[in-house]
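# Architecture at a glance
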Amino acid sequence: FIIMGNTQIAIEVIVALAVVLIQLFFFYATLKKINLLSNLFPSKNLDESFLLSSDTVNGQIQTIKIDSQLYSKDFTEVIESINKYLKKNQGATDFSIIKSIVERSIETKDNAVSANITLPLYIGLMGTFTGIVMGLLKIGFGGGVTEENINSFIGGVVIAMVASFFGLLLTVINNSKNFKEAKATCDERKNSFYNFLQVEL
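Scope of this entry: the structure provided in the associated data block.

### Description of the overall build of the protein chain
Along the protein chain, the regular secondary structure elements total five helices and two strands. Along the protein chain, helices (α) and strands (β) appear in the sequence α-β-β-α-α-α-α when read from the amino end. Counting the 201 residues in the protein chain, one finds 34% classified as buried. Partitioning the intrachain contacts of the protein chain with sequence separation of at least 6 by distance along the chain shows that 76% fall at a separation of at least 24. A total of about 11,900 Å² of accessible surface is found on the protein chain, and carbon and sulfur atoms cover 62% of it.

### Observations concerning the packing of helix H2 (residues 73-88) against helix H3 (residues 95-116)
Relative orientation of the contacting elements H2 and H3 amounts to 155°, with a least axis distance of 10 Å. With respect to each other, H2 and H3 are oriented roughly antiparallel. Remark: the crossing between H2 and H3 carries right-handed chirality. Each of Asp74, Val78, Ser81, Ile82, Tyr85 and Leu86 in H2 lies in contact with H3, whose residues at this interface are Ile97, Ile98, Ile101, Val102, Ser105 and Lys109.

### Looking at the pattern of salt bridges
Evaluation of the coordinates by the stated rule reveals five salt bridges. The salt bridge involving lysine 177 is made with glutamate 181; its shortest N-O contact spans 3.7 Å. Here lysine 177 pairs with glutamate 181, and both are found in helix H5 (residues 147-200), just four residues apart, close to one helical turn. For glutamate 181, a relative accessible area of 44% translates into the label partly exposed. Each of Glu103, Asp187 and Lys190 takes part in salt bridges that share partners, so that together they form one network.

### Focus on the packing of aromatic side chains
The description of two aromatic rings rests on the distance between their centres and on the angle between their planes. One pass over the full model with this rule turns up eight aromatic pairs. Summarising the aromatic geometry, the rings of phenylalanine 25 and phenylalanine 26 are spaced 5.3 Å apart at their centres and angled 80° between planes, so their arrangement reads as edge-to-face. Accessibility expressed as a relative area gives 27% for phenylalanine 26, which makes it partly exposed. Taken together, the ring pairs in this structure connect Phe41, Tyr71, Phe75, Phe193 and Phe196 into an aromatic cluster.

### Observations concerning the side chain of lysine 109
One can find lysine 109 in helix H3. On the basis of relative accessibility, which here comes to 15%, the residue lysine 109 falls in the buried class. For lysine 109, the contacting residues outside a window of four places in its chain are Leu37 and Asp74.

### Things to note about the nonpolar core
The biggest cluster of nonpolar side chains holds 27 residues, and the ones touching the most others in it are Phe41, Ile82, Val102, Phe193 and Leu197. Contributing elements (two or more residues each) for this core: helix H1 (2-38), H2, H3 and H5. Sequence-distant contacts of phenylalanine 41, defined by excluding residues within four places in its chain, comprise Phe75, Val102, Ile106, Cys186, Arg189, Lys190 and Phe193.

Reading the values: the criteria
Residues numbered from 1 in each chain as written. Predicted model: local features only at pLDDT ≥ 70, side-chain atom pairs only at ≥ 80, totals over all residues. Heavy atoms only, no water. Helix = DSSP H or I, 4+ residues; strand = E, 2+ residues; numbered from the N terminus. Buried < 20%, exposed > 50% of the residue type's maximum accessible area, 1.4 Å probe, protein only. Contact = heavy atoms within 4.5 Å. Areas by Shrake-Rupley, 256 points an atom, 1.4 Å probe, with all protein chains shown as cover. Axes fitted to C-alpha atoms, helices over the stretch in contact; angles between N-to-C directions. Parallel < 35°, antiparallel > 145°, perpendicular 65-115°, else oblique. Left-handed = near helix turned anticlockwise from the far one by under 90°. Salt bridge = Lys/Arg side-chain N within 4 Å of Asp/Glu carboxyl O. Phe/Tyr/Trp six-rings, centres within 6.5 Å; stacked < 30°, edge-to-face > 60°. Core = buried A, V, L, I, M, F, W, Y, C linked by side-chain atoms within 4.5 Å.

Dropping the structure here:
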């Protein structure tokens, strides 16, 4: 019985460690997406030196000059989309359409974070239920309600609850701190970018 108890505890510890590792994987994967949202716009403000004028049949058209080596891939893609719009609608630029292009890019990053940010919590809950089920199975098929089985069950539940708490902690850190700060940074830099577009274009 002692050997069986030690074996079950070892299995429960291994399961708990596996759950924690999976939680950490999704935590850092989500954190990476949060950082992409935070760094979508450049930290320094753009100025008139980033405008590029080119002669066309109907006069001049202004586009935004961008160096893909200095800015993020996502920001470069936003600028490329805006420039395509500016070239096709020279002389009739609608800021609301440009704003829509920018907001769609932000929404895509926002949704990517929101879809995965609670995964560590749910994985922790799955680990808790797994620990409880394993304990109940031992009671049901391993000798009934004995002191040893009860102690083993409680030990498994404690290990599972630790994994669940760890998942809750990681979710709170990403959701209440990292994601909130990233959105605030994104909004601040976005507004500076809008000011640049409204003034210079």
